[in-house]
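Coordinates in review
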Amino acid sequence: MTPCRALDTRNSSAVDGTLAVPIHGSACAPSSTAQAYVLNATVLPETSLSYLTLWAEGGAQPDVSTLNADDGAITSNMAIVPTTNGTIEVFATDSTNLLLDLSSYFAP
């Protein structure tokens, strides 16, 4: 698929804590049968960001980070995030703007 921006919080409010992101309902419109998304996550921290993590909505928050930006720098990382219903969860330890760019997905 053509890469697409699924989320840009610069146009609304920064993430600070947990946020549900309906990737299937975004402008990217991936298949409703998607079981995982291939995303590039970019943070634009207001100060420093201990970590950001992504996981399937309804699942337990993992004990690992998707990316870290302790120095407060704009940072990005590729992630393959599972989904059961087209939505993923995001957790940021500190306030940050977030860009999620969808480049592909896995579906049966």
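Details of the structure are given in the entry above.
Below is a summary of the structure that appears in this document. (Residues numbered from 1 in each chain as written. Predicted model: local features only at pLDDT ≥ 70, side-chain atom pairs only at ≥ 80, totals over all residues. Heavy atoms only, no water.)

Thoughts on the overall build of the protein
Operational definition: Elements are defined by DSSP. Helices are runs of H or I of four residues or more, strands are runs of E of two residues or more, and each kind is numbered from the N terminus. For this measure, only C-alpha atoms enter the radius of gyration; the expected value for a globule follows 2.2 Å times N^0.38, where N is the number of residues. Only protein chains enter the accessibility calculation, which uses a 1.4 Å probe. A residue is then buried if its area is under 20% of the maximum for its type, exposed if over 50%, and partly exposed in between. Note that accessible areas follow from Shrake-Rupley with a 1.4 Å probe, and for residues the cover is restricted to the protein chains shown.
Across its full length, the protein holds zero helices and seven strands. The order of helices and strands in the protein, counted from the N terminus, is β-β-β-β-β-β-β. Taking 108 residues into account, the globule formula puts the C-alpha radius of gyration at 13 Å, and the protein, at 13 Å, falls close to it. Overall size of the protein, expressed as C-alpha extent along the three principal axes, is 40 × 25 × 20 Å. Each of the 108 residues in the protein was classed as buried or not, and the buried ones make up 46%. Carbon together with sulfur atoms contributes 49% to the accessible area of the protein, which is approximately 5,400 Å² in total.

Topic: the state of the cysteines
Basically, it comes down to this: Cysteine sulfur atoms are paired as a disulfide whenever they come within 2.5 Å of each other.
All told, the structure shown has one disulfide when counted by the stated rule. Disulfide pairing places C4 opposite C28 at an S-S distance of 2.3 Å. Its S-S torsion of about -95° marks the bond between C4 and C28 as left-handed, since a negative value means left-handed. Linking C4 in strand β1 (residues 4–8) with C28 in the loop between β2 (15–22) and β3 (36–45), this pair joins segments that are 24 residues apart in sequence.

Some details on the nonpolar core
Note the threshold: Only buried residues count toward a nonpolar core, which is a set of Ala, Val, Leu, Ile, Met, Phe, Trp, Tyr and Cys residues joined through side-chain atoms within 4.5 Å. Note on contacts: a residue pair is in contact if any heavy atoms of the two residues lie within 4.5 Å.
Formed by 25 residues in total, the largest nonpolar core has its most connected members in I23, L52, L54, I88, V90, L98 and L100. Setting aside anything within four residues of it in sequence, one finds L52 in contact with A41, V43, S65, T66, L67, V90, F91, A92 and L98.

Describing the side chain of T87
With respect to the helices and strands, T87 occurs in strand β7 (residues 87–106). In this structure T87 touches A20, V21, P22, I23, H24, A56 and E57, once residues within four positions along its chain are discounted.

Thoughts on the packing of aromatic side chains
Threshold: Aromatic contacts are taken between Phe, Tyr and Trp rings whose centres are within 6.5 Å, Trp giving its six-membered ring; a plane angle under 30 degrees counts as stacked, one over 60 as edge-to-face, and the others as tilted.
By the definition in use, this model includes one aromatic pair. For the ring pair Y51 and F91, a centre distance of 5.9 Å and an interplane angle of 50° mean the geometry is tilted. In this pair, Y51 is assigned in strand β4 (residues 49–56) and F91 in strand β7, connecting sequence segments 40 residues apart. Classification of Y51 by relative accessible area gives partly exposed; the value is 28%. Using a relative accessible area of 19% as the deciding quantity, one classes F91 as buried.

Focus on the environment of T87
Assessed through its relative accessible area of 8%, T87 is described here as buried. Sequence separation between T87 and E57 is 30 residues, and the spatial gap between their C-alpha atoms is 5.8 Å.

A few points about the environment of A34
By secondary structure assignment, the location of A34 is in the loop between β2 and β3. Using a relative accessible area of 8% as the deciding quantity, one classes A34 as buried. Each C-alpha atom of the pair A34 and F106 lies 5.5 Å from the other, and the pair is 72 residues apart in sequence.

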